[in-house]
Structure formats: structure tokens, C-alpha cells
Amino acid sequence: MTVPAAFEFYPGTAPLLISMPHSGTYVPSDLLARFTESARQVPDTDWHIPRLYECAQKLGASVLVATYSRFVVDQNRPPDNASLYPGQSVTGLCPLDTFGDEPIYQPGQEPDEREIAQRRETIWLPYHQKLEEELMRLLALHGRVVLWDAHSIRSVVPRFFEGRLPDLNFGTANGESCDPALSERLMKTASANKDYSSVLNGRFKGGYITRHYGRPEQNIHAVQLEMAQCCYMEEQWPFEYKEEAARNIQPLIEALLRDALAFATES
């Protein structure tokens, strides 16, 4: 059986790179056999994100899409597995439990340090090497670039937050990963649309990708958008894409990406 590459990449020409680190669903068969029955559904996937962002390539953005499930290795976690939210419940580089606090592995089948290191080297690292390479290419071409980290999550996950999540959750590492002018522009567009709720640096402030690659002093500006999945899909198995709901929110996604591009091309 052919083993897929760690990512799919679609190069663009505009100063915008869209990263999709959690949309992958691939799990090697030998690893899948070690998973619990519920984990084999890879429920914590950021489902259908490439489809939802189908306007990206039309806008000239580069798109980087993870191939492997986050249950294999999480592309949005630090390589040393340090917590992004100290004191709060989090999942790790090679998670052992689901967002529902259920085990991913059957008893005694969890990965050891050697296996974790191997996944980090062969799957995590190539994704990040490509991300850095493309940011540098776009920066050299344009002098300024925006990194957009595209995510989605169930609207109700008691492990991580109380109640229902806002529809659009922007994260900029509390303002450290991008120029305030960019986040202000995005929030203005989002808040003007009364069909969807939005928040900046609420429960989700951006993961490793946003925090590590956002270097506004070097003209690399990073934003994470964590979208509530109820906006465009069924949140329970089989996690179906809802065409009408998706069509309703896609114009707003495109408007936000156009905002990012406008910011990147301003002198």
C-alpha cells in the first residue's frame, strides 16, 4: 500500500498562505488496528475545510493541507509537546485521548517516545518545513505575507469550554502574531455579519502555527480562525457536509480572506 506524503500543497501567487493542519484523515492500517472503535472515526478532524475554503485558490492563495489525522500527529502542537494553554485541558503532539475525553488507543497500545519521535520526524517536520519554505517564498515576492490557519471544531466541547462556542473564533496570540490593523479589519467584517457570532482571542488564541510563525516585525502576520462546525456540517457521525449552510457562510470566508489579502498588499 502506498503511504501518502505528509501534506498536499497547492502553490499560489498572492501574499496569502492558508494552512489546514487538522483536515487530514489518514491513519496507517497497523496504527488504526491499535485504536479504539470510536477513535477509528477520527472524530476530532477539522472536517471538509478544503471544500469550505474552495475560494482560496481562486484568490491566488497558496494552500497547505495536512494528510494524516491529528490522532497520528498534531501539526498544530509544539515539537516538544509543551502545553499551549497551561493549566487548561489540552491534547498533545501525539494525543492519547479525544476531545470527548475518551481513549484513542486500546490498553497497552499507546505510542512510546521512540514512536512519537519517528512520527515527528517523518510527518510533523515535513509539513513545517514546507510551511516555512512557502512563507519565505511569498515574503521574498511581496515583502509582506499573511498566514491563515484554518480550523473547525464542534460547537459544544465541555472539555475545553463552557456552553456553545461562537461561530468564528479568531486567534492572534493575544495580538502578538499579527499587526492590530489586520485583526481589527477582520473583526469589523465578521461583526458586520449578524448571522454569525465572532470573538477575538477568546478560548482559542491560536495554536503552535499561529504563535510560532507569526512574526509581524518581519512582515509575517498570522491569524487562526477556529470555526464552529455547526455553521457548515453535521457535528456527529458521519460528519456530513451541509451544502446550503456552507453556501451561506462561504461568502463571509471569502470576504475575510480578501481582507487578509488587502492588508498584505498595502504599502
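Refer to the structure above for everything that follows.
Residues numbered from 1 in each chain as written. Predicted model: local features only at pLDDT ≥ 70, side-chain atom pairs only at ≥ 80, totals over all residues. Heavy atoms only, no water.

Our next topic: the packing of aromatic side chains. All chains considered together, the criterion is met by ten aromatic pairs. Ring plane angle 65 degrees and centroid distance 6.3 Å describe the contact between Tyr232 and Tyr241, whose orientation is recorded as edge-to-face. When sorted by exposure, Tyr232 lands in the same class as Tyr241, which is buried. Taken together, the ring pairs in this structure connect Phe35, Phe71 and Tyr105 into an aromatic cluster. Above the face of the Phe263 ring, Arg144 is positioned so that its terminal group lies 4.4 Å from the ring centre. (Phe/Tyr/Trp six-rings, centres within 6.5 Å; stacked < 30°, edge-to-face > 60°. Buried < 20%, exposed > 50% of the residue type's maximum accessible area, 1.4 Å probe, protein only. Lys NZ or Arg CZ within 6 Å of the ring centre and 35° of its normal.)

Moving on, we get to the pattern of salt bridges. On inspection of all chains with the given rule, the structure shows 17 salt bridges. Here Lys130 ties to Glu133 by a salt bridge, and the two come within 2.9 Å at their closest N and O atoms. Taken as a pair, Lys130 and Glu133 lie in helix H4 (residues 113-142) at a separation of three residues, close to a single helical turn. Lys130 sits in the buried class, given a relative accessible area of 18%. On the basis of relative accessible area, Glu133 is assigned to the partly exposed category, the value being 46%. (Salt bridge = Lys/Arg side-chain N within 4 Å of Asp/Glu carboxyl O. Helix = DSSP H or I, 4+ residues; strand = E, 2+ residues; numbered from the N terminus.)

Below, the discussion takes up helix H5 (residues 180-192). Compared with an ideal rise of 1.5 Å per residue, which puts 13 residues at 18 Å, H5 spans 18 Å between its outermost C-alpha atoms and is within 8% of the ideal. Every buried residue belonging to H5 is among Leu182, Ser183, Leu186, Met187 and Ala190, and all of these are buried. Buried positions in H5, seen along its axis, are confined to an arc of 125 degrees and lie on one side of it. Pointing more than 90 degrees away from the buried face of H5 are the exposed residues Glu184, Lys188 and Ala192. Buried positions along H5 lie against strand S4 (145-153), strand S5 (168-171), strand S6 (198-200), strand S7 (220-228) and helix H7 (243-265). Capping the start of H5 is the job of one residue whose side-chain oxygen sits 2.7 Å from the backbone nitrogen of Ala181: Asp179. (Expected span 1.5 Å × (residues − 1). Arc of directions from axis to C-beta. Contact = heavy atoms within 4.5 Å. Polar contact = N/O pair within 3.5 Å; in protein donor to acceptor, adjacent residues only side chain to side chain.)

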